[in-house]
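# An overview of the molecular structure
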Amino acid sequence: MTLPSVSPSAISKSAIPKAFEFKSFANKSHFSKTLLASALALSFMGAGLSSAQAATSAMPDAAKLAAGVEQKVIDWRRDLHQHPELSNREFRTSKIIEKHLKSLGLEVQTGVAHTGVVAILKGGKSGPLIAIRADMDALPVTEVVDLPFASKATETYRDQKVGVMHACGHDTHVAMLMGVAENLVKVKDSLAGDVMFIFQPAEEGAPDGEEGGAELMLKEGLFAKRKPDQVFGMHVTSSMPSGMIGVRSGPAMASEDSFTIKVKGRQTHGSRPWNGVDPIVAAAQIITNVQTIVSRQVDITKAPAVVSFGAVNGGIRSNIIPDEVELIGTIRTFDQPMRADIKVRLAEMAELSAKTLGASATTEIHPGYPVVVNNPELVASMRPVLASVVGDKMLIEPGLITGAEDFSYYALKAPGMFFFLGVTPKGTDPETAASNHSPAFYVDESALKVGVEAMTKVALTALNAQ
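Figured I'd write up the structure that's included with this text. (Residues numbered from 1 in each chain as written. Predicted model: local features only at pLDDT ≥ 70, side-chain atom pairs only at ≥ 80, totals over all residues. Heavy atoms only, no water.)

### A look at the packing of aromatic side chains
Any two aromatic rings considered together are summarised by their centre-to-centre distance and by the angle between their planes. Applying the stated criterion to the full structure yields six aromatic pairs. Summarising the aromatic geometry, the rings of F223 and Y410 are spaced 6.0 Å apart at their centres and angled 45° between planes, so their arrangement reads as tilted. Highlighted residues: F223 in the loop between α5 (213-219) and β7 (230-241) and Y410 in helix α9 (residues 407-413), separated in sequence by 187 residues. Its relative accessible area of 0% is what places Y410 among the buried residues. Ring centres of F407 and Y410 lie 6.0 Å apart, and the angle between their planes is 65°; this geometry places the pair in the edge-to-face category. Note that F407 and Y410 are positioned in helix α9 at a spacing of three residues, about one turn of the helix. Considered together, F407 and Y410 belong to a single accessibility category, that of buried residues. Site record: aromatic cluster; members linked through ring pairs are F223, F407, Y410, F418 and F420. (Phe/Tyr/Trp six-rings, centres within 6.5 Å; stacked < 30°, edge-to-face > 60°. Helix = DSSP H or I, 4+ residues; strand = E, 2+ residues; numbered from the N terminus. Buried < 20%, exposed > 50% of the residue type's maximum accessible area, 1.4 Å probe, protein only.)

Have a look at this one:
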C-alpha cells in the first residue's frame, strides 16, 4: 500500500466505477510484503514528510486562494468551451492564456510546439523548479449537451467537416491552471523555488503529417535550460463523482501504439474464389488468431494488455473478391518489455496466418505514448496533501486505466504525478455518465474549485517542503 487515505469500506461501492475500485489483498503474505515495502518507503522519506507537514501548517491558505479565483475559472472555462480548437490549431486559446499570464507579470514564451505557451514564475526564495501542465486541444466531436455556452464550432478534419468540442475537458484544465498561476503569483514571495506553467497543444494527437504535443515541446527544448525537479498534471473524468480525486502510484495509464496490417491476396470473381486468393478470409483469420496473443501468449499476471482492431477496410462489391484488405487497431500495455514483445508477436501472427491461406500480410506499427508512471515517493508525499483538500473519503487509488496520455513524456524526464478529478454531478451515476470523448460529456463546474485548490496546495507543498 502506498499510504492509502481511505479504505474500500469508507466509500459506497455504487459511487465508484469498476475501473476505480480498490484492489484487495489476495492473502496475508502478499499483504505483509506490501506493508513492508510501504514501511521502507516511509522510512526513506520520513524527513521529507515531516518537513512537508511542517511547511503545510505555515503555507498560504490554498482554499481561500481557490475561492478567490473560482468565478474567473468558470468564466474562462465557458469561453474556451464555446470556442474549441483542434490539435495544433489552438490559436485563440493560446492568445487568451498569453494575455492572462503576461498580466500576472510572468516570463512568457509562445509558439512552443506550434501553439504552446510556457511561463516561469520565480519564487521569493531559492529552491527547486516544479512544472504544472494543462493540455489545450479539443476533439472532432459534435456537442449534444444543452448548455448556453455549448460549442457550435466546426472545422475540417481529415477532409470532412466536423463539429468541434471540448469533449475531454481540456478547457477545464486550461482554466484551472490559469487560476493556479494567479494564486501562486499572489504568494510568490513565500515560494521557495520556481514554477513552470506548461499549456500544451495536441495532447489528442497531432494532425496527420505533423508533430505535436508533449513530445514536440520537449524536442524543442522545453526542459533544456533547466529540468524540473517534479512535474504535475491533472485530468477531469466522468468516471468519478464531482470533487473526488484519484491518484495511483507507479504505472497508472497505458502506453498506446496503433498498427496497420495490409493483407494482400489476388482478385477474382466472387462466384469463382478458387481462381484467386481471398484477403478477406485471411484478414478474418488474422483477427481471430491475434486475440490469442493476450489470452494465451503473454503473462497478464505481470500486467494487463489489450490488442483491439478498430477498422476493417476492403472490397467494394458483393461479387468481387478484392486484392487487398486493410486492418487497423491499437495496442495498450503497462510494461515496456511486454509492449515490445506484443509488437513482434503481432507482426509474426499476421504474416503466418495470411501465409497459410496463400495471402501475404505486412504490419506497420505506429508508436504512440509511453506508459504514464507516477513516481511512488512523490505520490506518497502528496497523498496527505490531496486528502487535506477533499477528505479521506473522497481520495481514492484508481485501478489501471487503459487510456493513454502524453503527460508520460514529462514523467520520463522528471518525477511526475498525474491525478484525476471527478466531475460527474450528484444524482448521476458515474458508471453510466457520458464518458470523456463523448458528445454528451458534461462537467459539474463546482469541481473546478476543488481542482484549483488541490493543484495550488500541491505546488505550495512541493516548494515549501524542502
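### Points about the environment of I130
On the secondary structure map, I130 appears in strand β3 (residues 125-135). I130 gets classed as buried once you look at its relative accessible area, which sits at 0%. Considering only alpha carbons, one finds I130 and K227, 97 residues apart in sequence, at a separation of 8.7 Å.

### Regarding the side chain of T237
Here T237 shows up in strand β7. Beyond its immediate sequence surroundings of up to four residues, T237 is in contact with F420, L421, G422, V423, T424 and N436. (Contact = heavy atoms within 4.5 Å.)

### As for the side chain of S151
Note that S151 resides in the loop between β3 and β4 (154-157). By relative accessible area, S151 is classed as buried at 7%. At 2.5 Å, the side chain of S151 and the backbone oxygen of V164 are in polar contact. Among residues more than four places away in sequence, those in contact with S151 are H81, Q82, P84, E143, V164 and M165. (Polar contact = N/O pair within 3.5 Å; in protein donor to acceptor, adjacent residues only side chain to side chain.)

### Overview of unusual backbone geometry
One non-glycine residue, A113, adopts positive backbone phi at about 55°. In this fold, A113 is placed in the loop between β1 (107-112) and β2 (116-122). On the basis of relative accessible area, A113 is assigned to the buried category, the value being 0%. For D159, which is not a glycine, the phi torsion comes out positive at approximately 65°. By the secondary structure assignment, D159 is in the loop between β4 and β5 (160-163).

### Regarding the sheet that holds β1
Taken in spatial order, the eight strands line up as β1-β2-β6-β3-β7-β18-β8-β17 in an open sheet, and their pairing is mixed. The open sheet has two free edges, formed respectively by β1 and β17 (395-396), since each of these has just one partner strand. The strands touched by helix α4 (residues 170-186) within the sheet are β2, β3, β6 (192-200), β7 and β18 (416-424), with β3 carrying the most contacts at an inclination of about 160°. (Pairing = 2+ DSSP bridges. Axes fitted to C-alpha atoms, helices over the stretch in contact; angles between N-to-C directions.)

### Looking at the environment of N88
Tracing the chain through its elements places N88 in the loop between α2 (62-82) and α3 (91-103). Residue classification places N88 among the buried positions, given a relative accessible area of 2%. Here the alpha-carbon distance between N88 and E210, two residues 122 residues apart in the chain, equals 8.6 Å. Beyond its immediate sequence surroundings of up to four residues, N88 is in contact with A113, H114, T115, P201, A202, A206, P207, E210, E211 and G212. At 2.9 Å, the side chain of N88 forms a polar contact with the side chain of E210.

### Structural notes on the packing of α2 against helix α10 (residues 446-464)
At a minimum axis separation of 8 Å, α2 and α10 run at an interaxial angle of 130°. For the element pair α2 / α10, the angle class is oblique. Of the two elements, α2 crosses α10, and the hand of that crossing is right-handed. Taken together, the residues of α10 that come into contact with α2 (itself represented by A62, A63, L65, A66, A67, V69, E70, V73, I74 and R77) are L448, K449, V452, E453, T456, K457 and L460. Among the residues making up the contact of α2 with α10, the classes are represented as eleven nonpolar, one polar and five charged. (Parallel < 35°, antiparallel > 145°, perpendicular 65-115°, else oblique. Left-handed = near helix turned anticlockwise from the far one by under 90°. Nonpolar A, V, L, I, M, F, W, Y, C, P; charged D, E, K, R; others polar.)

### A word on the packing of helix α6 (residues 279-297) against helix α7 (residues 336-355)
Two elements in contact, α6 and α7, have axes separated by 9 Å at closest approach and are oriented at 145°. For α6 against α7, the interelement crossing comes out right-handed. From α6, A282, I286, N289, V290, T292, I293 and Q297 reach across to α7, where they touch I342, R345, L346, M349, A350, S353 and A354. In terms of residue class, the contact of α6 with α7 is built from nine nonpolar, four polar and one charged.

### So, the nonpolar core
By size, the foremost hydrophobic cluster in this structure holds 74 residues, and its most contacted members are L184, F197, F199 and M417. Residue contacts for L184: discarding those within four places in its chain leaves L121, I132, L191, V195, F197, T456, A459 and L460. (Core = buried A, V, L, I, M, F, W, Y, C linked by side-chain atoms within 4.5 Å.)

### Structural notes on the sheet that holds strand β10 (residues 255-264)
Two strands in a sheet stick together by hydrogen bonds in their backbones, pointing the same way (parallel) or opposite ways (antiparallel). Across the sheet, four strands lie side by side as β12-β14-β10-β15; this open sheet has antiparallel pairing. Each edge of the open sheet carries a strand with a single partner, namely β12 (305-313) and β15 (360-367). The sheet shows a mean angle of 20° between the axes of neighbouring strands, taken without regard to direction. Pairing geometry for β12 and strand β14 (residues 324-333), over eight bridges, is antiparallel. Within β14, the residue paired with A305 across the bridge is T333. Packed on one face of the sheet, α6 meets β10, β12, β14 and β15 and runs near 170° to β12. The strands that α7 touches are β10, β12, β14 and β15; relative to β15, the one it contacts most, it runs at about 160°.

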